[in-house]
Amino acid sequence: MEIYYRNKESISEILRESKSFELDCNIPKDSSLLIKGDNFKGLSFLLQNGYEGKIDLIYIDPPFNTNQDFCMTEDKCQSVSMPKDGKLAYRDKYSLDDYLDFIRKRIVIMHRLLSDEGSLYFHIDTKMGHYCKLIIDEIFGIGNFINDITRIKSNPKNFYRNAYGNEKDVILFYAKIKGKNIWNDITKPLTKEEIKKRYTQQDEKGYYTTIPVHAPGETSNGPTGECWRGMYPPKGRHWRTNPKELDKLDEQGLIEWSSSGNPRIKKYAAEHKGKKIQDIWEFKDPQYPMYPTQKNEEMLKLIIEQSSNRDSIVLDCFAGGGTTLVAAENLQRKWVGIDNSEEAIKTTKLRLKDSKFVEYVL
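Residues numbered from 1 in each chain as written. Predicted model: local features only at pLDDT ≥ 70, side-chain atom pairs only at ≥ 80, totals over all residues. Heavy atoms only, no water.

Novice: Please give an account of the side chain of threonine 324 that cites residues and values.
Specialist: The residue threonine 324 is located in helix α8 (residues 323–330) in this model. Judged by its relative accessible area of 3%, threonine 324 is buried. A distance of 2.8 Å separates a polar atom in the side chain of threonine 324 from a polar atom in the side chain of aspartate 316. Excluding residues within four positions of it along the chain, threonine 324 makes contact with Tyr59, Leu300, Ile304, Val314 and Asp316. (Helix = DSSP H or I, 4+ residues; strand = E, 2+ residues; numbered from the N terminus. Buried < 20%, exposed > 50% of the residue type's maximum accessible area, 1.4 Å probe, protein only. Polar contact = N/O pair within 3.5 Å; in protein donor to acceptor, adjacent residues only side chain to side chain. Contact = heavy atoms within 4.5 Å.)

And the structure:
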């Protein structure tokens, strides 16, 4: 799967250009890094200095090609014409061809930096997301695409235009090698309302519900198809566990018998391990951000907990105000942040003022 645009370079040409940024320096591998400079140069700097295959997680929130200038004043961030006392945070104006080239060159280097257990979370809007997915499919392979996550970013909008309001953007989730990527299976606790709705019965041990002692699928040979308490599983089903284990559950009072002799297994709310996180997330942007387009820190914590370990390195090469880096630091991961904006670096350093890291200016 490929996307074509004017002046598209081959992967070998991009990697050849990357080699021109090899610098003679000793990067401490046990420290977090904050790099000020163009992120193609910064990524190349990492690639040429021992980070190839070392990054377990990359989250990026690149420019969305909105044709806007994002600026800052002392009291707020905005994406409107430059106020008299404002400072430019970053400019987001490209032709489509230039934008695609900008993204693709960086994806090529990021793919090389990821470990075999690594993942990429690419945060983008729906206007550019379709093009960017084709680029990532080409570099990562379409078989390594895992999820298209919808992120509710704001309250409903009522614009005076002939279109639906926009309250979402998307995150494209890829593995370097699908099936080998770190996945910690983080779950979400049930709400009080969900517990009340699902666990409607109560005994001395707490609130519970019941499930059948049998499950779909017949067992042709084996104990789960045998007779238990004078009965066999219904046609097309099998006992959920060995009948000996069912006896133990019954002895522990964990099987409830109806007046007609129908057994069901008790499941208590306190034993619930949490529900699977789905592909629609509600993590709204901060109402008063420290930096333009600053993302929700709880969302970054979820991504980092799900797709990295304590000994992992987390990379954000569009670091902006440093939310990814702050979340990684709080979760005791090493991190690498890259940004070319003076205002972004200032904001990040302010938010990480009590943390230890090494700085580079390229």
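Novice: Run through the pattern of salt bridges, naming residues and quoting values.
Specialist: Per the stated rule, a full pass over the model turns up 23 salt bridges. Lysine 275 is paired through a salt bridge with glutamate 194; the nearest N and O atoms lie 2.4 Å apart. Of the two residues, lysine 275 is situated in strand β16 (residues 275–276) and glutamate 194 in helix α5 (residues 192–198); the sequence distance between them amounts to 81 residues. Of the residues examined, glutamate 194 reaches a relative accessible area of 25% and is grouped as partly exposed. (Salt bridge = Lys/Arg side-chain N within 4 Å of Asp/Glu carboxyl O.)

Novice: So what about the pairing of strand β15 (residues 263–268)? Which residues, and what values?
Specialist: As judged from the five bridges shared by strand β11 (residues 206–212) and β15, these two strands associate in the antiparallel manner. From the neighbouring strand, proline 212 faces β15, where its bridge partner is arginine 264. (Pairing = 2+ DSSP bridges.)

Novice: Pulling in residues and values, what's your account of the packing of helix α7 (residues 297–307) against α8?
Specialist: α8 packs onto α7 with a crossing angle of 55° between their chain directions and a minimal axis gap of 9 Å. If you check the angle between α7 and α8, you find them oblique. Seen from above, α7 lies across α8 with right-handed handedness. On α8, the residues touching Glu297, Leu300, Lys301 and Ile304 of α7 are Thr323, Thr324, Val326, Ala327, Ala328 and Asn330. Class assignment for the residues of the contact of α7 with α8 results in five nonpolar, three polar and two charged. (Axes fitted to C-alpha atoms, helices over the stretch in contact; angles between N-to-C directions. Parallel < 35°, antiparallel > 145°, perpendicular 65-115°, else oblique. Left-handed = near helix turned anticlockwise from the far one by under 90°. Nonpolar A, V, L, I, M, F, W, Y, C, P; charged D, E, K, R; others polar.)

Novice: For the sheet that holds strand β14 (residues 255–257), give the residues involved together with the corresponding values.
Specialist: Taking strand neighbours across the sheet as the criterion, the four strands line up as β10-β11-β15-β14 in an open arrangement whose pairing is antiparallel. Two strands in the sheet have a free side with no partner beyond their single neighbour: β10 (201–203) and β14. The average angle at which neighbouring strand axes cross in this sheet is 50°, direction not considered. As judged from the three bridges shared by β10 and β11, these two strands associate in the antiparallel manner. Counterpart to glutamine 201 in the pairing with β11 is tyrosine 208.

Novice: Account for the sheet that holds strand β18 (residues 313–316), with residues named and values stated.
Specialist: The nine strands lie next to each other as β17-β7-β8-β6-β2-β18-β19-β1-β20, forming an open sheet whose pairing is mixed. Taken across any chain shown, the strands that pair with only one partner, and hence form the sheet edges, are β17 (280–282) and β20 (358–361). Each strand of the sheet is rotated relative to its neighbour by a mean of 20°, with strand direction disregarded. Relative to strand β6 (residues 114–124), strand β2 (residues 55–60) is paired through five bridges, and the arrangement is parallel. By the bridge assignment for β6, tyrosine 59 is matched with tyrosine 121. Sheet strands in contact with helix α2 (residues 39–47) are β1 (33–36), β18, β19 (334–339) and β20, and its direction is about 145° off that of β19. Across the sheet, α7 is in contact with β2, β6, β7 (145–152), β8 (168–175), β17 and β18; its angle to β2 comes to roughly 155°.

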